[in-house]
Amino acid sequence: MTRATAVRAVLAVAVLLVSVFITLTMSPRLGLDLQGGTRIVLQARDTATVEADRETTDRTLEVLRQRIDSLGVSEPTLTRSGEDRIIVELPDVQDPRQAAEVIGRTAQLTFHAVEGPGTEKPEEKTPDGEPSDGKTPDPDTVPDPDGLTLPDEQGRLLALGEPRLSGAGVEDAKAEFDAQGGAGWAVSLEFRKGAGQDWKKLTGEAACHPAGDDRRRVAIVLDEKVISSPQVDPSVGCRAGLPSGATQITGSFSADEARDLALLVKGGALPVPVEIVEQRTVGPTLGAAAIDASAQAALIGAAATALFITVVYRLFGALAAVALGAYGVISYAALVALGVTLTLPGLAGFVLAIGMAVDANVLVFERAREECADRPKRSLRSALTTGFQKAWSAVADSNATTLIAAGLLFFLGSGPVKGFGVTLAIGVAASMFSALVIARALTEIAANSRFVGDYRNVNGIARPGAVRTWLVRKDPKLFRNPARWLVVSAALVAVAVAGIVVRGVDLGVEFTGGRLVEYSTSRPVDVETARDSIAAAGFGDAEVTTAGDGDLSVRTGKLDNDGEHALRTALAEEGGETTKVRDELIGPSLGDELRRNALIALGVAVAVQLAYLAVRFRWTFAVASVVAMAHDVILVVGAFAWLGRPVDGIFLAALLTVIGYSVNDSVVVFDRVRELWGANRRTPLDTIARRAVLQTVPRTVNTGMGALFILVALAVLGGDSLADFALALLIGIVVGTWSSVFTAVPGALALERSAKSPPPAPGKGKGTPRGKARSTRRDPLDNGARV
C-alpha cells in the first residue's frame, strides 16, 4: 500500500465514523408531508394609511417567507386565504410560540433624534400662557408637543423627533457578541449608501449637544418601542457624525433575542400589521402506507443499482457499490447536521443521487478499461491510476457546473428552490469524496493483490465491456450529416411546444391556489381512509391532513360547490355526519415573487455555467450544452402537457434535477472531444466527435441505467405520491442522454463551421502547463531498470 492510498483510507474512515456518529445521535428534521407541523393563521389589519387588501397581503406574505427562512425553518408552506388572511404551516418547529411571536411582529424600525425629556401630560399654564411654576423654559429644549414620546430602556420618557431613517435603509443586520466592549449580545447594522449619509447627519447633529444631555442621544425604535438610545461618543465632533455608516444596537439582549431582532430588521417591516387568529397542529400530508411504500421502492432501486454495477464491473463494481453506501451515510449525515428539512421528494432525490453518484466511478473504470485495452501487459494498478488521472477533468468540470448552479440557487432563490440548492451541493461534495477518496482507496488496495491482477475476469476492468466491443466493431458513422439530428431534435421540440399550446400546462395548487376545506365527522376517520375515499370520488390530487382535534383538512385546486359537495359526501360514507367547519379560497404557495426569484436564480446559473464552459472548453461547446439543456426542459414540460399530469412543486424539483443531469452528460462528451481533438489537431472534427461519442457511450449507458433502476422502482412501487416525480425524471434522463449525443454534439459541429478558433492545445484541460511535456507516471511495480 502506498502512502497516498493509506492517507485516503484513513481520511475515509475518519469521515465515515463522524457521519455514523451524527446519524445515530441526531434526529432529522422532517417536512410537513412526513411529520406534519404547526399551522398559524394570520389576519392582516388596516392602518391609517394602508388597506389590508389582496396586494398588500401578498407583499406581507413574501416578507414573512424571508423571516421564516431566516428562522432556519426549511420547506414551509405560506398561502393567502381570501383577501386578507395568511396561512403559515411550519414543519418540525422546536418552539411554536417563539416562531409565532417572531412571525407576527410588524418590525417597523425607525431612527429618531431625541429632542429632550418627555412628559406624560402638557404642563398647566396660567391665564397669560406662562408655565405654572413661573419659569420661562429655553425654547431650544422644549420638545414638539405633537412629537412622539416614548420611554427609554430605563423607563424615562423621551421626546422624539420625526423619523430620520427607517429599516429600509439597513443593508445587513447581524447578531454579534461584543466581548471586548462588554456590551454582551448586540445587533450590528450596516447601512446602504444613501442611508449611511443620513445616519452620519443624524449623529452629527446630536454631537452638537454637550455630553450627558438627552439631545446627544439617538433613539432606535422598533414597533413604537425604544430598544436602544445610545449617546453619541464624546470623540465625535459637531456636524462630523459617525463616518462608518454602521451602528450597533445594544440592549441587554440574550443570544436568541439578538438573533430574532437581526432577522426581523434584515427581513424588513411588514406592509401591514398582522394578528394571530389561530394556531394548531396539523398531521402529515402523506400517510404511513405511502411513506413505507416509497421507502421500500427506494431500497429496492438502490439494491438493483448496486447489483448492476457489480455485474458490469465485477470486483471493482462491488467496491464502488460499497463506496455508494458510504456516500449515502455521509450525505445523509450532512443533511441532518445542517438541519435541512427532509421531504419525501427530497428523500427520493437523495436516493436518486446515490444512483447518479456512480457516474464518477463509471468514468474512472471506463478509462481504466481503455488503458488495459491499449496496453494489455501493463499492471492493473497502473491502469487504474491512469484512469483516475484521465477522468479527473470530466469529473471536475461536470461537478463544478453543478456546484455553480447549486450556489446560485441558494443565494438567489428562496423557499424550496433554496433548499434544493443546499441538497444539491451536499450531494455533489459527498459524491466526489465517495468516488475520489473512498472508492479509490478500496480499488487501489484491491489492485495491489496478485490474485486480482492475475485473474482478469475478476477485477472487471482488465477486459473491455460488451457495449464498447460492439461499438468498436460496428463503428457507426454518426455525424456524417449532423444536420439531420438537429432536425429530429427540432421536431421533438415542436411536438412538445404543441402540447404546451394545445393541451396547456396543468399547474398544481402550489402555482394557482385553490380551496381549503375542513370537516368534522361524527365518527373518527383515519387519514388513509379519508384519502382513499376522496381519491375514489375523483380528487386524487387532493392533499388530506388532520387538523386540531380530529378534524380533516382538504386542500385542493379549483373546486366549485358541486365538487365540495362530492367531497363531503365521500367523507360522510366513512365518518357519518360530516360538518364543514372551514371553507376558504387560498392563494398559491409558490407565489409570484418566489417564482420570479427562482427564474432569476436559474437564469443567472445558466449564464454562469455558459461562461464557465466557454472558458474551460470553447464557446461553441458551451452554447451547444445550454441549447441541449433547454431542449430537455421543453421536452419534459411538453410530455407532462400531453399526458395531462400536474406541474407542481414536486415537478419543479424533478426539473431542476434534469437540468443538472443534462449539463453533466454534455460536459463528459465534450471533455472527450477536447482531449481527442487536442491530440489529433489535423483530424476532421466530425471524426473526432464520432470517436468521442463512441468512447463515452458505455459511461452514458451505465450511469443512466444506475439511475433508471431507482426511478422505475419509485414509479412502480412508490405509490401515487412519487409517481409524477419518477416519471418526470425518467423522461428527463432519456431525453438528456439523447440530447448530449444527438443535440449538443451536432450543434457544436454546426457552430464550429463558422468559428475561426484553432483546435485546442494538446493536453488542455488535463492540468498540463502549456509548453511543458506531460510527465508519465511509472508503473508502481516497475523499478526503472532497462536492458
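Read on for an overview of the structure. (Residues numbered from 1 in each chain as written. Predicted model: local features only at pLDDT ≥ 70, side-chain atom pairs only at ≥ 80, totals over all residues. Heavy atoms only, no water.)

## Comments concerning the overall build of the chain
Counting its regular elements, the chain contains 23 helices and 20 strands. Expressed as a percentage of the 787 residues in the chain, the buried residues total 49%. If you take every contact in the chain between residues at least 6 apart in sequence, the share linking residues at least 24 apart comes to 80%. (Helix = DSSP H or I, 4+ residues; strand = E, 2+ residues; numbered from the N terminus. Buried < 20%, exposed > 50% of the residue type's maximum accessible area, 1.4 Å probe, protein only. Contact = heavy atoms within 4.5 Å.)

## Concerning the packing of helix α19 (residues 619-643) against helix α20 (residues 649-679)
Between α19 and α20, whose axes approach to 9 Å, the crossing angle comes to 150°. When the axes of α19 and α20 are compared, the pair comes out roughly antiparallel. You can see that α19 and α20 cross each other, and the crossing is right-handed. Of the residues in α20, those in contact with Phe-621, Ala-624, Ser-625, Ala-628, Met-629, Asp-632, Val-633, Val-636, Val-637 and Phe-640 of α19 are Phe-651, Leu-655, Val-658, Ile-659, Ser-662, Val-663, Ser-666, Phe-670, Val-673 and Trp-677. The class makeup of the residues in the contact of α19 with α20 is 16 nonpolar, three polar and one charged. (Axes fitted to C-alpha atoms, helices over the stretch in contact; angles between N-to-C directions. Parallel < 35°, antiparallel > 145°, perpendicular 65-115°, else oblique. Left-handed = near helix turned anticlockwise from the far one by under 90°. Nonpolar A, V, L, I, M, F, W, Y, C, P; charged D, E, K, R; others polar.)

## What about the packing of helix α16 (residues 527-536) against helix α17 (residues 561-575)?
At a closest axis distance of 9 Å, the pairing of α16 and α17 adopts a crossing angle of 135°. Regarding the angle of α16 to α17, the classification is oblique. As for how α16 packs across α17, the hand of that crossing is right-handed. On α17, the residues touching Thr-529, Ala-530, Ser-533 and Ile-534 of α16 are Leu-567, Ala-570, Leu-571 and Glu-574.

## So, the state of the cysteines
In this structure the tally under the stated criterion is one disulfide. Disulfide pairing places Cys-208 opposite Cys-238 at an S-S distance of 1.8 Å. Negative torsions about the S-S bond denote left-handed disulfides, and the value of about 80° found for Cys-208 with Cys-238 makes this one right-handed. Taken together, the residues Cys-208 in the loop between α4 (193-206) and β10 (218-222) and Cys-238 in the loop between β11 (226-228) and β12 (246-253) connect sequence positions 30 residues apart. The exposure class assigned to Cys-208 is partly exposed, which follows from its relative accessible area of 31%. The class of Cys-238 is partly exposed, set by a relative accessible area of 46%. (Disulfide = S-S within 2.5 Å.)

## Digging into the pairing of strand β2 (residues 37-44)
Counting buried positions along β2 yields eight of eight residues, so the element is predominantly enclosed. In the sheet, β2 pairs with strand β4 (residues 85-91) via seven bridges, with the strands oriented antiparallel. Directly across from Gly-37, in β4, lies its bridge partner Pro-91. Of the pairings in the sheet, the one linking β2 to strand β13 (residues 274-282) comprises eight bridges and is antiparallel in character. (Pairing = 2+ DSSP bridges.)

## Some words on the sheet that holds strand β5 (residues 109-117)
Read across the sheet, five strands follow the order β6-β7-β5-β10-β11 without closing on themselves; strand pairing throughout is antiparallel. Each end of this open sheet is capped by a strand with a single partner; those strands are β6 (148-151) and β11. Across the sheet, the mean angle separating the axes of adjacent strands is 50° when strand polarity is ignored. Most of the contacts of α4 go to strand β7 (residues 157-166), to which it runs at about 150°, and overall it touches β5, β7 and β10.

## Description of the environment of Leu-729
Note on placement: Leu-729 falls in helix α22 (residues 720-742). The sequence separation of Leu-729 and Leu-711 amounts to 18 residues, and the corresponding C-alpha distance is 7.3 Å.

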